[in-house]
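Working through the structure, step by step
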Amino acid sequence: MTNKLDLLNKLASERILVMDGAMGTMIQKKKLQEADYRGERFKDWPSDLKGNNDLLVLTNPDVIADIHDAFLAAGADIIETDTFNGTSISMADYDMQSLAREINVEGARLARRVADEWTARTPDKPRFVAGSVGPTNKTLSVSPDVNNPGFREVNFDDVVAAYEEQVDGLIEGGADIILIETVFDTLNAKAAIFATENVFEKRGTKLPIMLSCTVTDMSGRNLSGQTVEAFWYSVRHAKPFTIGLNCAFGAEHLRPHAVTLSRIADARIAIYPNAGLPNEMGEYDETPEVTGGHLKEWAEEGLLNIVGGCCGTTPEHIAAIAKAVEGMQPRRVPKHKPAMRLSGIDPITIINAAE
């Protein structure tokens, strides 16, 4: 694993690496029905399963393998496992809490197999697997009950335990990277970081961690109220392989926040935006050429180390992005002077005036 990490660091210092696009978008294009989600194993399951995309790694793995394959063919260096909702907390929506670990193990194994097949074909372009760790469908920072601000549906220990199970399964399945993504609640992300470090300690191993925040309004704050700067100061203790942004409003509107993060973060930057903003039907109209054009400008400005796509992005989008950044130098990670950097919902930096 150390050799794999060394290789990843080497490649990231030489060029801009490319991530895959939207798993959910590609699954929707398959127009799967209830029976496709159930398979033979869950044909008599008492609740509806359509929409449980992570379950497909067990019931319809060829569909997921084909999606991984398409993104790798488009030029992705890193593919994400189909485990975004693979915690016992999120799986409770389908009464499938007990399957969380199995889903993560098999999701990682599936992505590992396809990535290794591509590495064997193109040994000069090794492929990596990022274990996708989503935010869960619960929040630790915000009450779901407007009449009871102190109420929480889960507590920190519950969320940590769920993430430990997920991360342990991803590592067992062969993930190279732990990707804690679409962070809308920084406290959830802290639980995921804590859980990941616990698993590393128990296993006697350590994988690179990627952290990716999603901003929920044009001011650049996540759902728990933090600015991009405050978010970075809250999680920089994890010493992540990358810090970044995903989802949100598309590259055009995300750019100012990426510029801010690139300026302050002494870590690599990973950005994977939506294909623009959704239309009235919830579809994404931004073409691959437009998305690729936006991100080419970002690369030219030295903002990127890793780039990919989120909601609405297809293999065609990833191919356009890969072509747009080909041959461009990755962002140089800055070195900042030591200072006391604190955060609430806003950041504060305290510098020694005598220096």
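In this text the structure is predicted, and so the values were computed from the model without any measurement.

Criteria and cut-off values
- Residues numbered from 1 in each chain as written.
- Predicted model: local features only at pLDDT ≥ 70, side-chain atom pairs only at ≥ 80, totals over all residues.
- Heavy atoms only, no water.
- Axes fitted to C-alpha atoms, helices over the stretch in contact; angles between N-to-C directions.
- Helix = DSSP H or I, 4+ residues; strand = E, 2+ residues; numbered from the N terminus.
- Left-handed = near helix turned anticlockwise from the far one by under 90°.
- Contact = heavy atoms within 4.5 Å.
- Nonpolar A, V, L, I, M, F, W, Y, C, P; charged D, E, K, R; others polar.
- Patch = residues over 30% accessible without salt bridge, like charges linked within 9 Å, V, L, I, M, F, W, Y side chains within 5 Å.
- Areas by Shrake-Rupley, 256 points an atom, 1.4 Å probe, with all protein chains shown as cover.
- Salt bridge = Lys/Arg side-chain N within 4 Å of Asp/Glu carboxyl O.
- Buried < 20%, exposed > 50% of the residue type's maximum accessible area, 1.4 Å probe, protein only.
- Lys, Arg positive; Asp, Glu negative; His and termini not counted.
- Polar contact = N/O pair within 3.5 Å; in protein donor to acceptor, adjacent residues only side chain to side chain.
- Phe/Tyr/Trp six-rings, centres within 6.5 Å; stacked < 30°, edge-to-face > 60°.
- Lys NZ or Arg CZ within 6 Å of the ring centre and 35° of its normal.
- Pairing = 2+ DSSP bridges.
- Core = buried A, V, L, I, M, F, W, Y, C linked by side-chain atoms within 4.5 Å.

The next subject is the packing of helix α7 (residues 100–121) against helix α8 (residues 156–173). One way to put it is that α7 packs onto α8 with a least axis distance of 7 Å and a crossing angle of 30°. Classified by chirality, the crossing of α8 by α7 is right-handed. Across the interface between the two elements, Ala100, Arg101, Asn104, Val105, Ala108, Arg109 and Arg112 from α7 touch Glu165, Gln166, Asp168, Gly169, Leu170, Glu172 and Gly173 from α8. Split into classes, the residues belonging to the contact of α7 with α8 amount to 4 nonpolar, 4 polar and 6 charged.

This part covers a nonpolar patch on the surface. Together, Met340, Leu342, Ile348 and Ile350 make up a nonpolar patch on the protein surface, roughly 360 Å² of accessible area in all. Elements represented by at least two residues in the nonpolar patch include exactly β9 (340–343) and β10 (347–350). Tracing the backbone through its elements, the reader meets methionine 340 in strand β9.

As for its position among the elements, glutamate 286 is in the loop between β7 (268–273) and α12 (288–300). Of the side chains with opposite charge, arginine 255 lies nearest to the buried glutamate 286, which makes no salt bridge, at 13 Å. There is a polar contact of 2.6 Å between the side chain of glutamate 286 and the side chain of threonine 291. In this structure, glutamate 286 is in contact with Asn274, Ala275, Gly276, Thr291, His294 and His317, ignoring residues within four places of it in sequence.

On the accessibility criterion, methionine 340 (47% relative accessible area) is partly exposed. In this structure, the C-alpha to C-alpha distance between methionine 340 and glutamate 197, residues 143 residues apart in sequence, is 24 Å. The contacts of methionine 340, once residues within four sequence positions are left out, are Ile348, Thr349 and Ile350.

This part covers the packing of aromatic side chains. Per the counting criterion, the structure on display carries 2 aromatic pairs. Sitting above the plane of the tryptophan 118 ring, arginine 121 keeps its charged end 4.2 Å from the centroid.

Counted according to the given criterion, the structure contains 24 salt bridges. The salt bridge partner of aspartate 176 is lysine 4, with a shortest N-O separation of 3.1 Å. Here aspartate 176 is found in the loop between α8 and β4 (177–183), whereas its partner lysine 4 is found in helix α1 (residues 2–14), with 172 residues between them in sequence. For aspartate 176, a relative accessible area of 5% corresponds to the buried category. We classify lysine 4 as partly exposed; its relative accessible area is 23%. Residues aspartate 266 and arginine 236 are paired through a salt bridge, measuring 3.1 Å at the closest nitrogen-oxygen approach.

Here the focus is the pairing of β10. Summarising the sheet, β9 and β10 pair through 4 bridges and their orientation is antiparallel. Along β10, the bridge assignment pairs serine 343 with proline 347. A loop of 3 residues connects β9 with β10, the two strands running antiparallel in sequence.

Looking now at the nonpolar core. The biggest cluster of nonpolar side chains holds 91 residues, and the ones touching the most others in it are Ile178, Ile180, Trp232, Ile243 and Trp298. For isoleucine 178, the residues in contact, after removing those within four places along its chain, are Gly131, Val133, Val167, Leu170, Ile171, Thr196, Phe200, Leu207, Pro208, Ile209 and Met210. Leu11, Ile177, Leu179 and Ala270 belong to the second largest nonpolar core, which has 17 residues in total.

Read these as geometric descriptors, not functional statements.
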